[in-house]
Amino acid sequence: MTTVLQRLCDICNKATGVYDCQECQRTFCRKHVVEHNLELSKEMDNVVNHHDLLRQQLSEQETVSSQHPLMKEINNWEQLSVEKIREMAEKARRDLNRLLTDHKESITKKLEEISCQLKTTKEADDYSEKDLSEWLQMLEKLKKQLLTPSNVILRTVSDEIWLQPIVVMATSLNSRDKFDKASNNIRILENGFVAEDNGTYSHGEVRGFKTYSTGTYKINSKIEEMTSNNWMFWGII
Ligand SMILES: [Zn+2]
Ligand SMILES: [Zn+2]
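Listed as protein donors to the zinc ion (ligand 2) are Cys9 (SG), Cys12 (SG), Cys29 (SG) and His32 (ND1); their distances from the metal cover 2.0 to 2.3 Å. Seen from the zinc ion (ligand 2), its four donor atoms lie at angles of 103 to 118 degrees, and the figure they make is tetrahedral. Each donor residue of the zinc ion (ligand 2) belongs to the same chain, with the gaps between them written as C-x2-C-x16-C-x2-H. Owing to a relative accessible area of 0%, Cys9 belongs among the buried residues under this scheme. Overall, the relative accessible area of 27% leaves Cys12 in the partly exposed class.

A separate point is the pairing of strand E4 (residues 186–189). For a regular strand, side-chain orientation follows a simple rule: the groups alternate between the two sheet faces. As paired strands, E4 and strand E5 (residues 194–197) are joined by four bridges and run antiparallel to one another. Across the sheet, residue Leu189 finds its bridge partner in E5, namely Val194. Between the antiparallel neighbours E4 and E5 lie four residues, among them Glu190 with a positive phi of about 45 degrees.

With that settled, consider the coordination of the zinc ion (ligand 1). In a perfect tetrahedron of four donors around a metal, the angles come out at 109.5 degrees. In a perfect octahedron of six, they are 90 or 180 degrees. Surrounding the zinc ion (ligand 1) are the protein donor atoms Cys21 (SG), Cys24 (SG) and His36 (NE2), which sit 2.0 to 2.3 Å from the metal. Taking the relative accessible area as the measure of exposure, Cys24 reaches 33% and is therefore partly exposed.

Rules behind the numbers
- Residues numbered from 1 in each chain as written.
- Chains lettered and ligands numbered in written order.
- Predicted model: local features only at pLDDT ≥ 70, side-chain atom pairs only at ≥ 80, totals over all residues.
- Heavy atoms only, no water.
- Donors = N, O, S within 2.8 Å, 3.2 Å for Na, K, Ca; no water.
- Tetrahedral: all angles 85-135°; square planar, octahedral: opposite > 155°, others 65-115°.
- Buried < 20%, exposed > 50% of the residue type's maximum accessible area, 1.4 Å probe, protein only.
- Pairing = 2+ DSSP bridges.
- Helix = DSSP H or I, 4+ residues; strand = E, 2+ residues; numbered from the N terminus.

Below is the structure:
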């Protein structure tokens, strides 16, 4: 006896006008192949919806980034730094003002002395050509001092850390590390995720693949088997 395997619709078990879906390998009748196609287009809508939702969440996150606690910290740092700069500029202005005032006062004082001498000698009509040229020289000197105060300079102090720069760094809390270099008595298995000591030597050493400098990292590990009277050390070198 021979049995003929009849291809039937997956849904209604009818054999009329069957179609095979090349993708899901299911068989459908004329009616249900239409439904199957409808299902697919519904699924497509579902995918589009998921996509749109994710896009929306992403754009919302962009707008709330200003609310991030670190953003607040950066703003605070900016405010404090600007205040520090303002205070320092204010102090520098005050210092310069004081120095310029002192300078002006000392010139005024010297000029007053000359005024006094000029007045008395003029009144007494008692002065020589030498006196005249000396006064002229002194006045010229004072004028120069008034225009270019040579005793004031501005200097930037580079060795003083009063303004601390900040940088934003990404840190990974779940870094997947694996075993890399090992001593001869240790076998590294399963793509670096298992290290096995064959027990032929008193101690073995195995290192991680990644290198770390700064940041916080979480490395998961598990001790599956350990013989008694042994110890293990985990550390950073
Ligand atoms: Zn299909
Ligand atoms: Zn059917």
